[in-house]
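Observations on the model geometry
Below, each chain spelled out in residue letters.
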Amino acid sequence: MKIRNGFRLKVHKRANITEILTSLTSLSLILNCQSIWQNVTDTDYHIYEICAVLVLTCSLHMAIKYGISKAARRYVLFSAVWYYCIIFVAVLFSVSTDNLFRFLSRFIMFPFCVLYFASAASVEQKMCLFKSFANWTGLIAWISILFFGGSTIGMIGESGLIKADWFGTYGNYYNLYFSSPYQIIDWFGTGIRRNLGIFVEGPMYMIVLILALMFSLVIKDYYPIAKWKVSGIVLAILTTASVTGYIFLMLIGFICTINKYRNKQNQIIIGITGFVLAAVAVCVLFIAKSGTASYIARSDDYIAGIRCWLQSPIIGNGYENIELLRRYMSTNREWNQGFSNTIFSVLAYGGLVFAVPFVMPVVHGILYASSKHDYKNIVFCVIYIGLYFTVIEYTFFINFFIWAYLFCLGKGFFRMPEPRWEINLNGSAP
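Each chain has its residues counted from 1, following the order in which its sequence is written. Totals for whole chains, interfaces and linings use all residues, but because this is a predicted model, local features are given only for residues with pLDDT of at least 70 and pairs of side-chain atoms are given and counted only at 80 or more. The side-chain quantities take in all heavy atoms of the structure and omit both hydrogens and water.

This paragraph deals with the sheet that holds strand β3 (residues 160-164). Reading across from one edge, β3-β4-β5 is the order of the 3 strands in this open sheet, with antiparallel pairing throughout. Bordering the open sheet on either side are β3 and β5 (177-179), each of which pairs with just one other strand. Across the sheet, the mean angle separating the axes of adjacent strands is 40 degrees when strand polarity is ignored. Where strand β4 (residues 168-173) lies against β5, 3 bridges are found, and the strand directions are antiparallel. Note that in β5 the partner of G171 across the bridge is S179. DSSP-based pairing: two strands are paired if at least 2 bridges between them are found. Counting from the N terminus, the helices are DSSP H or I runs at least four residues long and the strands are E runs at least two residues long. Fitting a line to C-alpha atoms yields each axis, with helices limited to the stretch in contact; the angle taken between N-to-C directions then spans 0 to 180 degrees.

Right, here's the structure in full:
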């Protein structure tokens, strides 16, 4: 039931197959964000393959079941043409034969995600994907908080160990939570393991949590996420000990607080106060983080990424040519040879050509949201761009749905259809 203009409206839902499929797809998208199950060394759970199949199936299901207009088909075709032209150039100049299948299996999916949002399904049905992502994340967050707290104070012990291709051996808590002895929080002089949830490291978990908050923000007019789930996500972010997560969390809270006040004077006062407090908090966090190994590695990554990219700024130096990147890293980085941000890895691997699909949808989203004074999508875009600069996530399938969502804004694909409803003489629905 919905309330519109004082009347109760009866909305007739479609078959539940759409919700089931989008829910499974959302879960696979979460597991694809460098979960332990995707990186286990002893067993291949085929997370990439399962996620790719579900993304393809879910997108085609939306177009086949709910149809797609001629204008939408033209838009999908346009999106596919320019995107595959870029992919072709990247393959031609930047992808080795050994990496060809790996590259195509990761990056061929974007036009199908455009098909998902361009279908004639209602906006609620399309947003169901983001809703499920947020709901699954809220559940994972509370489970991780319980295990994090219980394991920290010694109430819950490990049920075993598991090896993953990231930090090696992890503590396994009944396959519901994992921890690493190499990822420690300095809490008032006491070292405790940071909350990883079901992921290989705190920053990877932070990405999923921040994305869930972003999705909760843009879908709240259609699917308000339960407060207990949002609270769980916020608490989980705090226990990941990710400075990036703290900054994005403050930004989301700051913007949402301002938006609650319609009076411009109140907005200005709250905005200035919040900005000063946030600036002080960010400075404190950076000072506290500046001496840590992760901060030094991340700073070095920016320098190494820029230097590597400038060697071949247009077409890059070869997809996942990590060996070349490592040549530009500091000599004291033997303990950590991984790369830590998306934007410069993309530029270093494929140059400006490969960066186009990462940047173009976000620019479109910012321009559209700015023209409509849509603060929710502006925040969405700003934080998403921020993730490019702070974490490595260019291979995640969830990116394609985000690109497609932003690329479809303003194209008439998110109009809410009028529900079928009936009114009794007394003004209420039967």
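Here the focus is a nonpolar patch on the surface. Together, I17, I20 and L24 give the surface a local cluster of nonpolar side chains, amounting to about 270 Å² of exposed area. Looking at where L24 falls in the secondary structure, it is placed in helix α1 (residues 17-31). Patch criteria: residues need more than 30% relative accessible area and no salt bridge. Like-charged residues are merged within 9 Å; nonpolar side chains of Val, Leu, Ile, Met, Phe, Trp and Tyr are merged within 5 Å. Using the Shrake-Rupley algorithm and a 1.4 Å probe, accessible areas are obtained, with residue cover drawn only from the displayed protein chains. Throughout this description, the term salt bridge denotes a Lys or Arg side-chain nitrogen within 4 Å of a carboxyl oxygen of Asp or Glu.

A separate point is the confidence of the model for the protein chain. The predicted model of the protein chain has a mean per-residue pLDDT of 85, with 81% of residues at 70 or higher. Low pLDDT, under 50, characterises residues 1-12; the stretch is placed with 25 contacts to residues that sit more than four places away or in other chains. Per-residue confidence from the predictor is reported as pLDDT, which spans 0 to 100. Residues count as neighbours in contact if any of their non-hydrogen atoms are within 4.5 Å of one another. Under a pLDDT of 50 for its full length, residues 417-430 has, in the predicted model, 22 contacts with residues more than four places off or in other chains.

Right, let's get into the environment of W136. For W136, the position within the fold is in helix α7 (residues 123-152). Here the term buried applies to any residue with accessible area under 20% of the maximum for its type, exposed to any over 50%, and partly exposed to those in between, with areas from a 1.4 Å probe on protein chains only. For W136, a relative accessible area of 26% translates into the label partly exposed. Along the primary structure W136 and S26 are separated by 110 residues, whereas in three dimensions their C-alpha atoms are 7.8 Å apart. What W136 contacts, discounting residues up to four positions off in sequence, is S23, S26, L27 and I30.

Across its 13 residues, helix α9 (residues 227-239) extends 18 Å between first and last C-alpha, which sits within 8% of the 18 Å expected from 1.5 Å per residue. Inspection of α9 places K229, G232, I233, A236, I237 and T239 among the buried residues, and these make up the whole buried set. On an axial view of α9, the arc spanned by its buried residues comes to 165 degrees, and they lie on one face. The first or second residue beyond α9 is A241, which carries a positive phi of 60 degrees. Here a helix's expected span is defined as the number of its residues, less one, multiplied by 1.5 Å. This arc is taken over the directions from the axis of the helix to the C-beta atoms.

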